[in-house]
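# Structural characterization, general
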Amino acid sequence: RTGQRMVVIITSPGAFPAKPFVDAVQTAFPCESIWRGTFSRSARVAEAEEMELLYGAETIDEGLRIEARDSVRELRFRISRFSFFQVNTRAAELLYARIRRWAVDVQPSVLYDLYGGSGGIALSCADIVEVVRAIESVGSATVDGEHNAKVTGVENVFFTTERVKNYLLAVQQSGGCEPGAAAIVDPPRSGMVPKALRRLVDVAPENLLYVSCKPEQTAIELPALLERYELAAVDAVDMFPHTHHVECLLALRRR
């Protein structure tokens, strides 16, 4: 909605033709920010050991307009190089509106936003719950989330930088989730690691919404969830038009 765009390329360490790359990007995909990251090992997700700003600003801004039942919730986001944010803005608005409707229906007092990124889901739902606890392992995303909450005027979203499996262990050791709590899980394409999945089932919030960008992976994890939950509804958003990919939402209710 702002028209701002960022490009991040991750390569092995070594010589890199920075100016030709910037020129090529600006010819094909004009943007406000271009980064190069280097990574010497292999990984399941995009990450870098070192980052270099090749062009422009360190961050970009984006806006979302989330439809509520009788109004539109307008949100503003600062996005840094490793802050997760949906790349299809209009489809993200549809996705977050459906997540918001689910939260309205289950009416939790406390909402856990696991893999919370820079606060897209948390801020979309903050006005309909008492407290949102957003958990994200990338520190820069947490900083962006706190900034986004401040500029939006939201004071009931609390961001924690921690791996989900470790956070859920602490919740488990403290006696579990609060009565009436709900959780939204929006992991990367690789899904939840086994310990995080097991601990989520153990702490067992009353209602759970699994937001999946790779339904094939979620199908592998679903039997563990169905040990304690029943599948209440399934929905989908065409987040990536003209591809076979789809964003899937699974609403689960504790047995």
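Figured I'd write up the structure that's included with this text. (Residues numbered from 1 in each chain as written. Predicted model: local features only at pLDDT ≥ 70, side-chain atom pairs only at ≥ 80, totals over all residues. Heavy atoms only, no water.)

### Some thoughts on a nonpolar patch on the surface
Judged by side-chain polarity, Leu226, Leu231 and Val234 come together as a nonpolar surface patch covering roughly 230 Å² of accessible area. For Leu231, the location among the structural elements is in strand S11 (residues 229–237). (Patch = residues over 30% accessible without salt bridge, like charges linked within 9 Å, V, L, I, M, F, W, Y side chains within 5 Å. Areas by Shrake-Rupley, 256 points an atom, 1.4 Å probe, with all protein chains shown as cover. Salt bridge = Lys/Arg side-chain N within 4 Å of Asp/Glu carboxyl O. Helix = DSSP H or I, 4+ residues; strand = E, 2+ residues; numbered from the N terminus.)

### What to know about the packing of aromatic side chains
Under the counting rule described, the total for this entry stands at 3 aromatic pairs. A ring pair is formed by Phe16 and Phe21, whose centres lie 5.5 Å apart and whose planes are at 65 degrees; its orientation type is edge-to-face. Residue placement shows Arg81 over the ring face of Trp35; its charged tip is 4.6 Å from the ring centre. (Phe/Tyr/Trp six-rings, centres within 6.5 Å; stacked < 30°, edge-to-face > 60°. Lys NZ or Arg CZ within 6 Å of the ring centre and 35° of its normal.)

### What about the sheet that holds strand S3 (residues 50–56)?
Strands sit in the order S1-S2-S3 across an open sheet of 3 strands; the sheet is mixed. Two strands in the sheet have a free side with no partner beyond their single neighbour: strand S1 (6–11) and S3. On average, each strand axis in the sheet is inclined to that of its neighbour by 20 degrees, with strand direction left out of account. Here 6 bridges tie strand S2 (residues 33–38) to S3, and the two strands are oriented antiparallel to one another. (Pairing = 2+ DSSP bridges. Axes fitted to C-alpha atoms, helices over the stretch in contact; angles between N-to-C directions.)

### Digging into helix H5 (residues 164–173)
Those residues of H5 that fall on the buried side of the exposure criterion are Val164, Tyr167, Leu168 and Val171. All buried residues of H5 fall inside an arc of 95 degrees around its axis, so they share one side. Check the buried side of H5 and you find it contacts strand S6 (110–114), strand S7 (131–136), strand S8 (157–161) and helix H6 (194–203). Looking at the residues trailing H5, positive phi occurs at Gly175, about 110 degrees. (Buried < 20%, exposed > 50% of the residue type's maximum accessible area, 1.4 Å probe, protein only. Arc of directions from axis to C-beta. Contact = heavy atoms within 4.5 Å.)

### Brief notes about the nonpolar core
Leu95, Ile99, Trp102, Leu111, Val157, Ile184 and Leu209 are the most contacted members of the largest nonpolar core, which has 37 residues in total. Looking at this core, the element that brings in the most residues is helix H2 (residues 89–106), giving 7 residues. Residue contacts for Leu95: discarding those within four places in its chain leaves Gln86, Val211, Val237, Met239, Glu247 and Leu249. Of all hydrophobic cores here, the second largest spans 29 residues; its members include Val110, Tyr112, Leu114 and Ala224. (Core = buried A, V, L, I, M, F, W, Y, C linked by side-chain atoms within 4.5 Å.)

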